[in-house]
Amino acid sequence: MARHRYVFADLRTDRTITELELSGVTYDRRIIQPGSFRGTLPIPNASVAERARKIQPGRTVCHVYRDADIWGSYVIWQVVPRSDERGRITLELRGATLESYFHRREIRARLDYPATAQVAIARDLIARMQSRPEGNIGLTTPTRPGASDGASMTRSYRRSEAATYGKRLEELASALDGFEYMIRTYVDPGTARRVREWVAAVPRLGDPSGDHVFTQPGNVITWSYPADATVGATSWQARGDKVQSASGEGEPLMSEVFEATALLDDGWPLLDATRDYTSERDRNALDGYARWWSQTRSGVVGIPQVTVRLGASAGFTPNALGDRARLVLSNPWFPVTDRAPTFTKSWRVVGIEVTPASRQDGRERAVLIFEESS
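Rules behind the numbers
- Residues numbered from 1 in each chain as written.
- Predicted model: local features only at pLDDT ≥ 70, side-chain atom pairs only at ≥ 80, totals over all residues.
- Heavy atoms only, no water.
- Helix = DSSP H or I, 4+ residues; strand = E, 2+ residues; numbered from the N terminus.
- Rg over C-alpha atoms; globule rule 2.2 N^0.38 Å.
- Buried < 20%, exposed > 50% of the residue type's maximum accessible area, 1.4 Å probe, protein only.
- Contact = heavy atoms within 4.5 Å.
- Areas by Shrake-Rupley, 256 points an atom, 1.4 Å probe, with all protein chains shown as cover.
- Lys, Arg positive; Asp, Glu negative; His and termini not counted.
- Charge placed at Lys NZ, Arg CZ, Asp CG, Glu CD.
- Pairing = 2+ DSSP bridges.
- Axes fitted to C-alpha atoms, helices over the stretch in contact; angles between N-to-C directions.
- Salt bridge = Lys/Arg side-chain N within 4 Å of Asp/Glu carboxyl O.

Caption draft 1: Spatial organisation of the overall build of the protein chain. Looking only at helices and strands, one finds 6 helices and 26 strands in the protein chain. Computed over its C-alpha atoms, the radius of gyration of the protein chain comes to 23 Å, within 12% of the 21 Å expected for a compact globule of 374 residues. With respect to the three principal axes, the spread of C-alpha positions in the protein chain is 70 × 65 × 50 Å. Looking at the protein chain as a whole, 46% of its 374 residues qualify as buried. A separation of at least 24 residues holds for 68% of the contacts in the protein chain among residues at least 6 apart in sequence. Carbon and sulfur atoms make up 48% of the accessible area of the protein chain, which totals about 19100 Å². A gap of 7 Å separates the mean positions of the 50 positive and 46 negative side-chain charges of the protein chain.

Caption draft 2: The sheet that holds strand β12 (residues 194–201), seen in detail. Ordered by their spatial adjacency, 3 strands build an open sheet running β9-β12-β11, and the pairing between neighbours is mixed. Across the chains shown, the open sheet's two edge strands, defined by having one partner strand only, are β9 (139–140) and β11 (180–187). Sheet topology places β9 next to β12; 2 bridges connect them, and they run parallel. By the bridge assignment, L139 is partnered in β12 with R196. Here helix α3 (residues 118–129) sits on the sheet in contact with β9 and β12, set at roughly 150° to β12.

Caption draft 3: Fine view of the pattern of salt bridges. Scanning all chains against the criterion turns up 25 salt bridges. Residue D14 is joined to R194 by a salt bridge in which the shortest nitrogen-to-oxygen separation is 3.0 Å. With D14 in the loop between β1 (4–10) and β2 (16–20) and R194 in strand β12, this pair connects stretches of sequence that are 180 residues apart. Judged by relative accessible area, which is 18%, R194 ranks as buried. Residue D14 is joined to R196 by a salt bridge in which the shortest nitrogen-to-oxygen separation is 3.0 Å. Placement of the pair is D14 in the loop between β1 and β2 and R196 in strand β12, with a sequence separation of 182 residues. R196 carries the same exposure label as D14, and that label is buried. In this structure, a network of salt bridges that share partners links the residues R158, E161, R168, E171, D241 and R281.

Caption draft 4: Expanded view of the pairing of strand β10 (residues 152–157). Side-chain alternation along β10 places M153, R155 and Y157 on a buried face and S152, T154 and S156 on a face that remains uncovered. Bridge count between strand β8 (residues 111–117) and β10: 5 bridges; the pairing is antiparallel. Paired with L111 across the strands is Y157, a residue of β10.

See the structure below:
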């Protein structure tokens, strides 16, 4: 059974503060979006309480080790000590991956990027975010030889918008022909030091040839496969910043309307959706956003979710997000026909939520979050 350790360090310097044994831990990682962390520390005596007080929300990071590898690094944002009616004290910890720091920093200068590659803009934003020592959390932004920095675009950001670096990075990534990114933390084998690395790929992270297999019967514990039309549409537009008209009245800039013509021709009804980009003043950029939504989120969105056993030496790790996983199911809903499973499909894994084994339940579980598909 894999062993989990929880090492707490200073957010800025990564100096180790303490190591604690937590219970009730669940943590997840996602592409682009911050992942979450929660866990509980029993406080049986003053010695444990003294060590726990070293954890200060907003300036402490928890590195989650699975055996020798780091599976996630989480800024601790909330610390809640509490006592029950029998006087037993526990400390509840909640946090989010290092990507959450992007959403706690605002762009407080005018920044102009004329005809600049998307990933180059993102790297510069991160460099500016870390330009002061007080805001430097040790992120590196390496370039891969031969890797693309994506399409060129023109962007202007104003201090008055009070937008966060996280919001602007997500907008850049979600543009048509955009990119994906995440922060990986690992131990450098040469120096034994922890490294925090922002990685990006155009158009997607992951190994396109990787195909991890999960089966039922086998290592699949539970599964669900909902079909959801409430989050999809067949007609999309994007709404940007207000622009002054000749009469002096402000009117939001609107994109063209992009429709899923193949679905409409097949008999789908019109289902309208508008996505807001409140600071965008470029109509071409708004058209790109609306076109992206029409191409990727039209019709019924299917988001399969699977809980699996990882095993002692997991073949799939959080740093492999973006790889594909093949799901093979044999059960009454998906029966075997002609001695072959009727359900065998492959999706990209864009998130993973891990629940370590506990004393009450010795099974380690992981929920795989697949890329939305329509």
